Amino acid sequence: MAMVDYSLFTLKLFSALGCGLMAGVFFAFSTFVMKALARLQPAQGIAAMQAINITAINPLFMTALFGTAAACIFLAISSLLKWHQPGAAYLLVGSLLYLVGTVGVTIAFNVPLNDALATVEPSSTEGASLWVRYLSDWTFWNHVRTAAALAASALLTIALSYRAVQF
């Protein structure tokens, strides 16, 4: 049973760190990357964001984003099965915040915006028009996923501390 407890502790730690890491990535975009891109001419901003969106699809980033999600799914289920244990509510809410507020928002809002941006010619008038909306909409949803990932990290850290005091 001690090995199961240690594995669950490790999974909580991985999830809390993963949520914090993703919050940091999204925070960087919200606080300076998107603002820097907005200062460029639309064609340059579009081309830069198109390149960012292509390079973001790499094993390290995808593992951080979706590996954390997989761990959160497991933790959410585990928290329901062990609801009577201290910290279970923190595990459940933290996991759901990451799954819905970070991954769900990414899939439902940021990715479709990225897909629309990928199809425009950066120097076209259609591209310039889309860019204005993209900057506003994409950044708004990025703020949402930043806050969700940060809150999830905090809640999972609190859940982790319940077990840590028992060691």
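This write-up is about the structure you can find in this document. Remember, predicted model here, so these are calculated numbers, not experimental data. (Residues numbered from 1 in each chain as written. Predicted model: local features only at pLDDT ≥ 70, side-chain atom pairs only at ≥ 80, totals over all residues. Heavy atoms only, no water.)

1. As for the nonpolar core
Let me state the cut-off plainly: Side-chain atoms within 4.5 Å are what join buried Ala, Val, Leu, Ile, Met, Phe, Trp, Tyr and Cys residues into a set we call a nonpolar core. With a 1.4 Å probe rolled over the protein chains alone, any residue whose accessible area is under 20% of its type maximum counts as buried; one over 50% counts as exposed, and the rest are partly exposed. Only DSSP runs of H or I covering at least 4 residues are called helices, and only runs of E covering at least 2 are called strands; the numbering of each starts at the N terminus. Contacts were defined at the residue level, with two residues in contact if any of their heavy atoms lie within 4.5 Å.
Residues C19, M22, L65, Y98 and L156 are the most contacted members of the largest nonpolar core, which totals 18 residues. Breaking this core down by element, the ones donating at least two residues are helix 1 (2–39), helix 3 (59–81), helix 4 (88–118) and helix 5 (125–164). Looking at this core element by element, the count peaks at 6 residues for helix 1. With residues near it in sequence (within four places) discarded, L65 still touches M22, F26, Y98, T102 and V103. Core analysis: the next-biggest nonpolar cluster, separate from the first, contains 14 residues, M34, I46, L113 and Y134 among them.

2. Some words on the packing of aromatic side chains
Put simply, the rule reads: Pairing of aromatic side chains here covers Phe, Tyr and the six-membered ring of Trp, requires ring centres within 6.5 Å, and sorts the geometry by plane angle: under 30 degrees stacked, over 60 edge-to-face, intermediate tilted. In this analysis the charged atom, NZ for Lys or CZ for Arg, is taken to sit over a ring once it is within 6 Å of the ring centre and within 35 degrees of the ring normal.
Tallying each qualifying case throughout the model produces 6 aromatic pairs. On the numbers, 3.7 Å between centres and 5° between planes, the contact of F109 with W141 is stacked. Linking F109 in helix 4 with W141 in helix 5, this pair joins segments that are 32 residues apart in sequence. Take F109: its relative accessible area is 33%, and that puts it in the partly exposed class. When its relative accessible area of 24% is taken as the criterion, W141 is described as partly exposed. Among the aromatic residues, those joined into a cluster by ring pairs are F29, W131, Y134 and W138. Geometry around F26 places R145 over its ring, the cationic atom sitting 3.9 Å from the centre.

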